[in-house]
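Letter by letter, the chains look like this.
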Amino acid sequence: DINCLEMGDKSKPALLLIHGFGASAYHFRYNIPALAKDYHVYAFDKLGFGLSSKPIVEYSADVWRDQAVDFITEVIGKPTTIAGNSLGGFTALYAGATEKAKPLIKSVILINAAGRFKDPDAPAVSEEKNAF
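About the thresholds
- Residues numbered from 1 in each chain as written.
- Predicted model: local features only at pLDDT ≥ 70, side-chain atom pairs only at ≥ 80, totals over all residues.
- Heavy atoms only, no water.
- Core = buried A, V, L, I, M, F, W, Y, C linked by side-chain atoms within 4.5 Å.
- Buried < 20%, exposed > 50% of the residue type's maximum accessible area, 1.4 Å probe, protein only.
- Helix = DSSP H or I, 4+ residues; strand = E, 2+ residues; numbered from the N terminus.
- Contact = heavy atoms within 4.5 Å.
- Pairing = 2+ DSSP bridges.
- Axes fitted to C-alpha atoms, helices over the stretch in contact; angles between N-to-C directions.
- Salt bridge = Lys/Arg side-chain N within 4 Å of Asp/Glu carboxyl O.

## So, the nonpolar core
Piece 1. One finds L16, I18, I72, I76 and I82 to be the most contacted residues of the largest nonpolar core, which totals 16 residues.
Piece 2. Broken down by element, this core gets its largest block of residues, five residues, from helix α2 (residues 61–76).
Piece 3. With near-sequence residues (within four places) excluded, I72 lies in contact with L16, G77, K78, T80, I82, L104 and I105.
Piece 4. L15, A25, A36 and A43 belong to the second largest nonpolar core, which has nine residues in total.

Next up, the structure:
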């Protein structure tokens, strides 16, 4: 189960808020009412966080990307702006770059975005050391 919040007039532009690591949709509790004056606002708890299910799976950027894309296509169902905070920023960016979601994503907003995910199967890259 995915815990989500929704507020605002359905005729207004859609805005999806995605929280960061260790947070939940509650992170946006003060923002949602203000944003709902101009947007149809959604926020969900990512899998493994908040009141959403915590299945025993290997959590990864792909899991949360797919969750965001599925939420936009199955729940929101109209062009959406995604705003992500911290790890949610990476999730928003990753979802926005997904072919399946491109027709429904108007824009991506990064708020203190974080995340550096590597492909575990990618060859190692040596880093240059600073001479100083």
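## Considerations on the sheet that holds strand β4 (residues 80–85)
Piece 1. With mixed pairing, five strands are arranged side by side in an open sheet as β1-β3-β2-β4-β5. The open sheet is flanked by β1 (4–7) and β5 (105–111), the only strands paired with a single partner. When the angles between neighbouring strand axes are averaged without regard to direction, this sheet yields 15°.
Piece 2. Note: strand β2 (residues 14–18) against strand β3 (residues 40–44), five bridges, orientation parallel. When the bridges of β3 are listed, L16 appears paired with Y42.
Piece 3. Along the sheet, α2 makes contact with β1, β2, β3, β4 and β5, crossing β3 at roughly 140°.
Piece 4. Sheet strands in contact with helix α3 (residues 87–96) are β2, β4 and β5, and its direction is about 145° off that of β4.

## Overview of the pattern of salt bridges
Piece 1. Following the criterion strictly, the structure yields four salt bridges and no others.
Piece 2. Between D70 and K100 there is a salt bridge; the shortest N-O distance is 3.2 Å. Highlighted residues: D70 in helix α2 and K100 in the loop between α3 and β5, separated in sequence by 30 residues.
Piece 3. D70 gets classed as partly exposed once you look at its relative accessible area, which sits at 29%.
Piece 4. By relative accessible area, K100 is classed as exposed at 53%.

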